Amino acid sequence: MRKRALVVGLGIAGMSAAIGLRRAGWTPVIVERAAERRTGGYYIFMFPEGVQAAADLGIADHLHTRNPEWRPGGNSWSVDRRGRRKPVLGLLDAPSGLAAVLRGDIEAALWQGISGDGTEDAVEVRLATTPVEITEGAGGVRVLLEDAGTGKRYREDFDLVVGADGMRSSVRRMVFGPDDDYLTNWKAMICAFQLKEQVPSYEASDSIIVSRPKRAMWVFGLADHAPCAWLTYRTKDIPDRFAGPSIEQVRTAFSGMEGEPVVRHVLDSLEQAPDHVFDSIHQVKMPRWSKGRVVLVGDAAWCMNTYSAMGSSSSLRGGAALGVALQEHPGDLAVALDAWEAGLRPYITKQRRSARVKQQRFVPSSRPVEVLVSGVLELIRRGVHRRLAAEYTTAATATASSATAP
Ligand SMILES: Cc1cc2nc3c(=O)[nH]c(=O)nc-3n(C[C@H](O)[C@H](O)[C@H](O)COP(=O)(O)OP(=O)(O)OC[C@H]3O[C@@H](n4cnc5c(N)ncnc54)[C@H](O)[C@@H]3O)c2cc1C
């Protein structure tokens, strides 16, 4: 008899875990609260570990990446208070192997991975379905599930429940305790969405940074897609975040900057982006990610937040590693979960700590920090852009001589 696992959440963490489980010989069943599989989403930097985990999960060939080609002079710009632009070190410029994607690109690749391909069975997915009660017994976990479409509730038994239902996980709440026990408040907000059109006078694949103390606006250019906007600001008023329309809150946060053409274009575009993300920023810190036969993965377990830019990579890696641990310890779930967590936790802790430093890059806490960060980045940029320009010239020369060869 194959063991059955309930995976809660059809995001990156849930689908990665489902593929890992299936590889370990388990039968995963995914339940997702939404009535449809989501597509699109915001801009994501994938780190090499994420790309490697995608390969480990067998989905690398399905993953569409969108890194823009570098142009001499660069394609990332910083805009100062007078509206002057100057080239800046782009996050994709450094030789770190980052991949630029939309969240939907990763999820589309994983979706192909969980769909049957002739060699492996398709993973069962139940949309508009949520767990409302989770009870662990001697031989398994009994879950009360609710179908939002019909309102029907039914009980089902599983050998394992995987909570992959995001930062405000309901599995975590039901099994481990209230959000307040695990969510740390970063006193900052995020708003992200896809622009319909690039900011006028910029190339379609350009990235633009408008960074001021405590508030910043980034436009991330892509190779074959309209750019994405990513706005963040530091605030003390987190409890009021959902009071009133998010667009008004974001406009208030950037008040005094509307005269700047980039800011005006992005704020006006937000009005036409009803599916934008607007949320407070937190990290999730848990002393342990599993309890009996319930385990959490991805943002539910270790959300490092948007500043770390590691959430998708760590979710892919976490799902792949869970499968490996279950395969290596087939007879003992507790030992498998211990081994999984022991292997993963040092990496997660290291990445989580780096988020505070990265936050200063994305949104400086003060004017001196802004000046320091831009000074350091400018020094690095000169060297990096010299190297990229030399590589560009070499590649262009090689292309020209192969075109003229008889
Ligand atoms: C603006 C922004 C920018 C980011 N940028 C980056 C980046 O550059 N690089 C990077 O690596 N990461 C980035 N991240 C983080 C990354 O998107 C997440 O870490 C990643 O998507 C993993 O999420 P997850 O699958 O754990 O959770 P989620 O994406 O939150 O998915 C959870 C799923 O569970 C479902 N669900 C929730 N509750 C229930 C329930 N009760 N029952 C059933 N289903 C439920 C939800 O509908 C959803 O489908 C960013 C995040 C944000 C918000």
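Let us now look at the overall build of the protein chain. Helix and strand content of the protein chain: ten helices and 18 strands. Its C-alpha atoms give the protein chain principal-axis dimensions of about 65 × 65 × 40 Å. Relative to its full complement of 406 residues, the protein chain shows a buried share of 50%. Of the accessible surface of the protein chain, which amounts to about 18500 Å², a share of 54% is contributed by carbon and sulfur atoms.

Quick look at the site of the ligand now. Residues in contact with the ligand amount to 33 residues; listed here are only the nearest, Glu32, Arg38, Tyr42, Asp299 and Ser312. Residue Ile12 places a main-chain N or O atom 3.2 Å away from an oxygen atom belonging to the ligand. In this structure, an oxygen atom belonging to the ligand sits 2.7 Å away from a side-chain N or O atom of Arg38. Elements represented by at least two residues in the shell around the ligand include exactly helix H1 (12–23), strand E3 (43–46), strand E8 (129–136), strand E12 (183–194) and helix H8 (311–328). Per element, the largest residue contribution to the shell around the ligand is four residues, and it comes from H8.

So, about the domain arrangement of the protein chain. As far as domains go, the protein chain holds domain 1 (4–65 + 100–182 + 284–360) and domain 2 (76–98 + 185–281 + 361–368). The straight-line distance from the C-alpha centre of domain 1 to that of domain 2 is 29 Å. Contact residues are listed per partner, giving 22 residues for domain 1 and 29 residues for domain 2. Both sides together, the interface formed by domain 1 and domain 2 hides about 2200 Å², and carbon and sulfur atoms give 60% of it. A per-residue breakdown of the area domain 1 buries against domain 2 is headed by Tyr43, Tyr307 and Gln360, which together make up 28% of the total. Here domain 1 is connected to domain 2 by one salt bridge. Applying the counting rule to domain 1 against domain 2 returns 13 residue pairs in polar contact (both at pLDDT 80 or more). Among the elements of the structure, E3, strand E6 (99–102) and helix H9 (333–362) are those that each provide at least two residues to the side of domain 1 that touches domain 2. Partitioning the side of domain 1 that touches domain 2 into residue classes produces twelve nonpolar, seven polar and three charged.

In this section: the packing of aromatic side chains. Taken as a whole and assessed by the stated rule, the structure comprises 15 aromatic pairs. When the centroid spacing of 4.9 Å and the interplanar angle of 50 degrees are considered together, the rings of Trp230 and Phe362 count as tilted. Taken as a pair, Trp230 in strand E15 (residues 228–234) and Phe362 in helix H9 lie far apart in primary sequence, 132 residues in all. Trp230 sits in the buried class, given a relative accessible area of 7%.

Time to look at H1. Taking 1.5 Å of rise per residue, the twelve residues of H1 would be expected to cover 16 Å, and the 17 Å separating its terminal C-alpha atoms lies within 8% of that figure. Among the twelve residues that make up H1, eleven are buried, leaving the element largely enclosed by the rest of the structure. Those residues of H1 not exposed but buried are Ile12, Ala13, Gly14, Met15, Ser16, Ala17, Ala18, Ile19, Gly20, Leu21 and Arg22. The secondary structure elements touched by the buried residues of H1 are strand E1 (4–8), strand E2 (27–31), helix H3 (103–114), strand E11 (160–163) and H8. Gly25 lies just past H1 and shows a positive phi near 90 degrees.

Where helix H5 (residues 246–253) contacts helix H6 (residues 261–271), the two axes come as close as 10 Å, and the packing angle between them is 170 degrees. Classed by the angle they form, the pair H5 and H6 counts as roughly antiparallel. Packed against H5, whose contacting residues are Ile247, Val250 and Arg251, the element H6 presents Leu267, Asp268, Leu270 and Glu271 at the interface. Looking at the contact of H5 with H6, its residues break down into four nonpolar, no polar and three charged.

So, on to the state of the cysteines. In this structure the tally under the stated criterion is zero disulfides. The cysteine Cys191 is free of any disulfide, with Cys228 supplying the nearest cysteine sulfur at 12 Å. Assessed through its relative accessible area of 1%, Cys191 is described here as buried.

About the thresholds
- Residues numbered from 1 in each chain as written.
- Predicted model: local features only at pLDDT ≥ 70, side-chain atom pairs only at ≥ 80, totals over all residues.
- Heavy atoms only, no water.
- Helix = DSSP H or I, 4+ residues; strand = E, 2+ residues; numbered from the N terminus.
- Buried < 20%, exposed > 50% of the residue type's maximum accessible area, 1.4 Å probe, protein only.
- Areas by Shrake-Rupley, 256 points an atom, 1.4 Å probe, with all protein chains shown as cover.
- Near = heavy atom within 4 Å.
- Polar contact = N/O pair within 3.5 Å; in protein donor to acceptor, adjacent residues only side chain to side chain.
- Domains from an automatic or database assignment.
- Contact = heavy atoms within 4.5 Å.
- Buried area = accessible area lost by both parts, 1.4 Å probe.
- Salt bridge = Lys/Arg side-chain N within 4 Å of Asp/Glu carboxyl O.
- Nonpolar A, V, L, I, M, F, W, Y, C, P; charged D, E, K, R; others polar.
- Phe/Tyr/Trp six-rings, centres within 6.5 Å; stacked < 30°, edge-to-face > 60°.
- Expected span 1.5 Å × (residues − 1).
- Axes fitted to C-alpha atoms, helices over the stretch in contact; angles between N-to-C directions.
- Parallel < 35°, antiparallel > 145°, perpendicular 65-115°, else oblique.
- Disulfide = S-S within 2.5 Å.

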